[in-house]
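Secondary and tertiary structure notes
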Amino acid sequence: MAVPVAFFALFFAYPVTAIVGRGLKVGGDWQVARIGEVLSRPDILGVLWFTTWQALASTALTLLIALPGAYVLARFDFPGKQLLRAVVTVPFVLPTVVVGTAFLALLGRGGLLDELWGVRLDTTVWAILLAHVFFNYAVVVRTVGGLWSQLDPRQEEAARVLGAGRFAAFRRVTLPALTPAVAAAALMVFLFTFTSFGVVQILGGPAYSTLEVEIYRQTAQLLDLPTAAVLTLVQFAAVGGILAVHAATVRRRERALKLVDPAQTSRRPRGAGQWALLGGVLLTALLLILLPLGVLVERSFDGPGGYGFGYYEALQSVGAGGSSTFLVPPLEAVGNSLRYALVATLIALVVGGLAAAALTRRAGRLVRGFDALLMLPLGVSAVTVGFGFLITLDKPPLDLRTSWILVPLAQALVGVPFVVRTMLPVLRAVDDRLREAAAVLGASPLRAWREVDLPLVRRAVLVAAGFAFAVSLGEFGATVFIARPDNPTLPVAVARLLGRSGELNYGQAMALSTILMLVCAVSLLLLERIRTDRSGEF
């Protein structure tokens, strides 16, 4: 536990505490009254209301659209099922900047809807809600569908034999079993949308602001640290409550159900209704997922002189078309992101692997608190972490302001929870008697881990590495503060290009987003190849 605790204390607790303290302390005294002052401001109340409202609306809309997809992938067996599963999962590993850019190309000025019907939805709440559904569709499909595929269909069939109709049998038998999974998925979607940053920043315009966006505005643009500190505490408290409810829901789900092999529950669709349902899910995947990504790719090739590689070629030079957005060619952001993500993945695997091992071999309140500590980066504003890095890691022996390692350290903070959640179930499944037998035969603890645990969890390590790499590649909230101008990452480069006017900047943003999407998609496909059915869902 020593290495993970030290890592989180130094690179998470210290920066966050420092930034909050700087905002709420005056002359060494805590100004608690500032909390009430900030929360009573009408503009801040509007931000809190919109953050909560759009998260609830996004969650409800995602459940409505994604639950039929969960049923189809759980119960139906059809050609291309694995491809459909991979397609609906791609958005989840995409950076939010790419999601925002894709919907900007579809719904924004000069987008597909604007060209066909003269309709623009950017800077409206509908663009934000649709982008959130796109991003979180896989969360519901994989979480609910993974459980649905393991529920014994004979229980529902028995209810129908006893006289219950199709809907009554579903409502009384299947729905109660699925409720914990649906609740867990809903809570995760609410968490992701409640802390939304990149999507709202790109699509919302000045009219809409979530807590995360407002923290960024108060910190980076207005330099109002007291307000940013109060909003950070509010977001932390809200997300902490969400995670606590989610943990309780997961525990209930794990205790309540007896599951069967998924291979026993899927069959080919029967009847016009089931084929229509399958067709509807395929159409949803086409319009909701493939269409925005397809428009993004198309816009990246649609230059002023016609279709070609003009925007991609412009990425190789500094100041193309009179732009001074970058100190280096934008294409260098690809190499920067890959290097940063690889280092962040290595850090996340070491820290997360040690943490998972500690959680496996220990019990009690201390370890439960340690488990909660690992999830804290998901509940604190990434903007706060990034700005905290700048104001705390600026003195020897940790003067890292000009060091490249700052970026992978921030990215690893987000990757560690994914590593722990992926490896922990597999490590807990290893029979302790195998370790004991190795010890009896004279193996040291390190050799026993190398000879017993590692071969059994090697696949889980690869899966965890895939998730950590994809998450690190797309991290934006903290990186936007600490990425150096001469070493931008892909998400930061895209945001900078979108922040400047001009057709060339817009086209280069589309090209970079396409490259980032392809890198993430390849990572996902590799992850799908090594994932087994027992590796678990999201």
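As the structure is a computational prediction, the values presented were derived from the model and not from experiment.

On to the packing of aromatic side chains. Evaluated as defined, the whole model comprises 17 aromatic pairs. On the numbers, 6.5 Å between centres and 55° between planes, the contact of F11 with F389 is tilted. Remark: F389 occurs in helix 17 (residues 382–392) and F11 occurs in helix 1 (residues 2–24); sequence separation between them is 378 residues. The pair F11 / F389 is uniform in exposure class, with both members buried. Arranged with centres 5.4 Å apart and planes meeting at 75°, the rings of Y71 and F76 form a pair that is edge-to-face. F76 gets classed as buried once you look at its relative accessible area, which sits at 0%. Members of the aromatic cluster, connected to one another through ring pairs, are F7, F8, F11, F12 and F389.

Tracing the backbone through its elements, the reader meets I65 in helix 3 (residues 42–75). Residues in contact with I65, not counting those within four places in the same chain, are V133, Y137, T284 and L288.

Between its first and last C-alpha, helix 7 (residues 125–148) extends 32 Å over 24 residues, near the 34 Å set by a 1.5 Å rise per residue. Within helix 7, the axis deviates most sharply at N136, by approximately 45°. With 22 of 24 residues buried, helix 7 is to be regarded as a mostly interior element.

For the pair helix 15 (residues 332–361) and helix 20 (residues 445–474), the least separation of the axes is 9 Å and the interaxial angle reads 135°. With respect to their mutual orientation, helix 15 and helix 20 come out oblique. Note that helix 15 runs across helix 20; the crossing there is right-handed. Taking contact as the criterion, the partners of S337, L338, A341, L342, A344, T345, A348, L349 and R361 in helix 15 are, on helix 20, W449, D453, V461, A464, A465, A468, F469, S472 and L473.

This part takes up a positive patch on the surface. Taken together, the side chains of R160, R166, R267 and R270 define a basic patch exposed on the protein surface. Structurally, R270 is set in the loop between helix 12 (225–256) and helix 13 (271–301). Residue R270 is classed as exposed on the basis of its relative accessible area of 57%.

A few words now on empty space enclosed by the protein. What the rule picks out here adds up to four cavities of 30 Å³ or more. Lining the largest cavity we find 36 residues, and of these T96, F135, F192, T195 and V414 sit closest to its centre. Elements represented by at least two residues in the lining of the largest cavity include exactly helix 4 (81–93), helix 7, helix 9 (166–194), helix 10 (198–203), helix 17, helix 18 (406–429) and helix 20. Considered class by class, the residues forming the lining of the largest cavity number 23 nonpolar, eleven polar and two charged.

We now examine the side chain of D122. Along the polypeptide, D122 turns up in the loop between helix 6 (112–117) and helix 7. If we skip the residues at most four places from it in the chain, D122 touches L104, L107, G108, R109, A127 and L203.

Looking now at the confidence of the model for the protein. Mean pLDDT over the protein works out to 82, with 90% of the residues at or above the 70 mark. When mean pLDDT is compared element by element in the protein, helix 3 scores highest at 93, while helix 16 (residues 365–375) scores lowest at 70. Throughout residues 532–538 the model reports pLDDT below 50, and contacts reaching past four residues in sequence, or to other chains, amount to twelve contacts.

Ranked by size, the top nonpolar core spans 161 residues in total, and within it F7, L94, L203 and F389 carry the most contacts. Per element, the largest residue contribution to this core is 16 residues, and it comes from helix 7. In this structure L203 touches G100, F103, L104, D122, T123, T124, A127, I128 and A131, once residues within four positions along its chain are discounted.

What counts and how
Residues numbered from 1 in each chain as written. Predicted model: local features only at pLDDT ≥ 70, side-chain atom pairs only at ≥ 80, totals over all residues. Heavy atoms only, no water. Phe/Tyr/Trp six-rings, centres within 6.5 Å; stacked < 30°, edge-to-face > 60°. Helix = DSSP H or I, 4+ residues; strand = E, 2+ residues; numbered from the N terminus. Buried < 20%, exposed > 50% of the residue type's maximum accessible area, 1.4 Å probe, protein only. Contact = heavy atoms within 4.5 Å. Expected span 1.5 Å × (residues − 1). Bend = angle between axes of the 7 residues up to and from the residue. Axes fitted to C-alpha atoms, helices over the stretch in contact; angles between N-to-C directions. Parallel < 35°, antiparallel > 145°, perpendicular 65-115°, else oblique. Left-handed = near helix turned anticlockwise from the far one by under 90°. Patch = residues over 30% accessible without salt bridge, like charges linked within 9 Å, V, L, I, M, F, W, Y side chains within 5 Å. Areas by Shrake-Rupley, 256 points an atom, 1.4 Å probe, with all protein chains shown as cover. Salt bridge = Lys/Arg side-chain N within 4 Å of Asp/Glu carboxyl O. Lys, Arg positive; Asp, Glu negative; His and termini not counted. Charge placed at Lys NZ, Arg CZ, Asp CG, Glu CD. 1 Å grid on protein atoms, 1.4 Å probe; cavity = no way out; pocket = protein on both sides within 12 Å on 5 of 7 lines; lining within 4 Å. Points joined across faces, edges and corners; volume = space filled by probe spheres on them. Nonpolar A, V, L, I, M, F, W, Y, C, P; charged D, E, K, R; others polar. pLDDT = per-residue confidence, 0-100. Core = buried A, V, L, I, M, F, W, Y, C linked by side-chain atoms within 4.5 Å.

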